[in-house]
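A structural walkthrough
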Amino acid sequence: MRTQMATEAGRTTAPSEDRALVGPNLLAVLDGVTAKPETGCEHGVGWFADQLSAEILRFAHLDPSAALTEAVRQAADLHSGTCDLEHPDSPSAAIAVVQIKDDVLRYLVLGDATVVVDGKRELLVVSDTRSRRTAGPRVADVEHALTGEVPLQDVRRVAILSDGAARAVDLFNLFDWRQALELMAANGPDDLIRKMRAVEKEDAKAVEWPREKVSDDATVVYFDR
């Protein structure tokens, strides 16, 4: 199995709030939700993304839903004594997880991150655009994640993307998903981000492709067999 990762902040003036995880049996991308002026939390979104990432890896032996549930609980405990976790804008993150265990690929998506599974029979694209639910301080939010599994023998390759990277396909239409996977197989995921950044610069006022952020944090984890 070959695993590649690429990540780039959307602005040079601020650190990325995306995180990429590559563990023994688990891969994930977290996309920290941009903080509002008031969050009830004395920490930043980046801090929260770091804690949640560490906890997900700690519980990677569990299935993705159980791992994220425990990770959310533990991350909340780390700042429950100092921060108002009932605040509606408490730090949170969109997340996409892929776990390979017992000859099965399991996936979980909560928020607008994306999992793309190129199988022998079909191309599966999973992104949770139904609501703005993300992984924050409330364990109950995990129940709304999209989950599923695919026999590992049917999987050719997989990509996990934050929305800032997925816009190369679903906003700018530079490629379809199969073409994006071919590009990453040939040149690595950093080439997808590089081509997308070029388009963002050409449309620096977000006129041709209207969007809230001219340039967003972009992260991709890609693997093939």
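All of the points below concern the structure found in this document. (Residues numbered from 1 in each chain as written. Predicted model: local features only at pLDDT ≥ 70, side-chain atom pairs only at ≥ 80, totals over all residues. Heavy atoms only, no water.)

Let's shift gears to the sheet that holds strand β10 (residues 218-224). Pairing is antiparallel in the open sheet, where 5 strands are placed in the order β1-β10-β9-β6-β7. Two strands bound the open sheet, and with one partner strand each, they are β1 (2-8) and β7 (123-127). Strand after strand, the sheet turns through a mean of 10° between neighbouring axes, direction not considered. One ladder, built from 7 bridges, connects β1 with β10; its direction is antiparallel. Opposite T7, over in β10, you have T219 as the bridge partner. Lying on the sheet, helix α3 (residues 163-170) is in contact with β6 (114-119), β9 (155-161) and β10; it crosses β10 at an angle near 75°. Strands β1, β6, β7, β9 and β10 of the sheet are contacted by helix α4 (residues 177-187), whose axis makes an angle of about 95° with β9. (Pairing = 2+ DSSP bridges. Helix = DSSP H or I, 4+ residues; strand = E, 2+ residues; numbered from the N terminus. Axes fitted to C-alpha atoms, helices over the stretch in contact; angles between N-to-C directions. Contact = heavy atoms within 4.5 Å.)

Turning to the packing of helix α1 (residues 45-58) against helix α2 (residues 64-79), a few remarks are in order. Packing of α1 against α2 brings their axes to within 8 Å, and their N-to-C directions diverge by 135°. Taken together, the axes of α1 and α2 lie oblique to each other. Between α1 and α2 lies a crossing whose hand is right-handed. Each of W47, F48, Q51, L52, E55, I56 and R58 in α1 lies in contact with α2, whose residues at this interface are L68, A71, V72, Q74, A75, L78 and H79. (Parallel < 35°, antiparallel > 145°, perpendicular 65-115°, else oblique. Left-handed = near helix turned anticlockwise from the far one by under 90°.)

Moving on, we get to the packing of aromatic side chains. Taken as a whole and assessed by the stated rule, the structure comprises 1 aromatic pair. Between F172 and W209 the ring centres are 5.3 Å apart and the planes differ by 85°, which places this aromatic pair in the edge-to-face class. Separated by 37 residues along the polypeptide, F172 in the loop between α3 and α4 and W209 in the loop between α5 (189-202) and β10 bring together distant segments of the chain. Residue classification places F172 among the buried residues on the basis of a relative accessible area of 3%. (Phe/Tyr/Trp six-rings, centres within 6.5 Å; stacked < 30°, edge-to-face > 60°. Buried < 20%, exposed > 50% of the residue type's maximum accessible area, 1.4 Å probe, protein only.)

Given a rise of 1.5 Å per residue, 14 residues ought to cover 20 Å, and the 20 Å separating the end C-alpha atoms of α1 matches this to within 8%. Taken as a whole, α1 has its buried residues at V45, G46, F48, A49, L52, S53, E55 and I56. Lining the buried residues of α1 we find β2 (18-22), β3 (26-32), α2 and β4 (93-101). (Expected span 1.5 Å × (residues − 1).)

All told, the structure shown has 19 salt bridges when counted by the stated rule. Between R106 and E149 there is a salt bridge, with the nearest N and O atoms lying 3.6 Å from each other. Taken together, the residues span a long stretch of sequence, with R106 in strand β5 (residues 104-110) and E149 in strand β8 (residues 146-151) at a distance of 43 residues. Exposure remark for E149: the relative accessible area of 53% places this residue in the exposed category. In this structure, the salt-bridge partner of E200 is R167, at a minimum N-O distance of 3.0 Å. Separated by 33 residues along the polypeptide, E200 in helix α5 and R167 in helix α3 bring together distant segments of the chain. (Salt bridge = Lys/Arg side-chain N within 4 Å of Asp/Glu carboxyl O.)

Read these as spatial facts, not as claims about activity.
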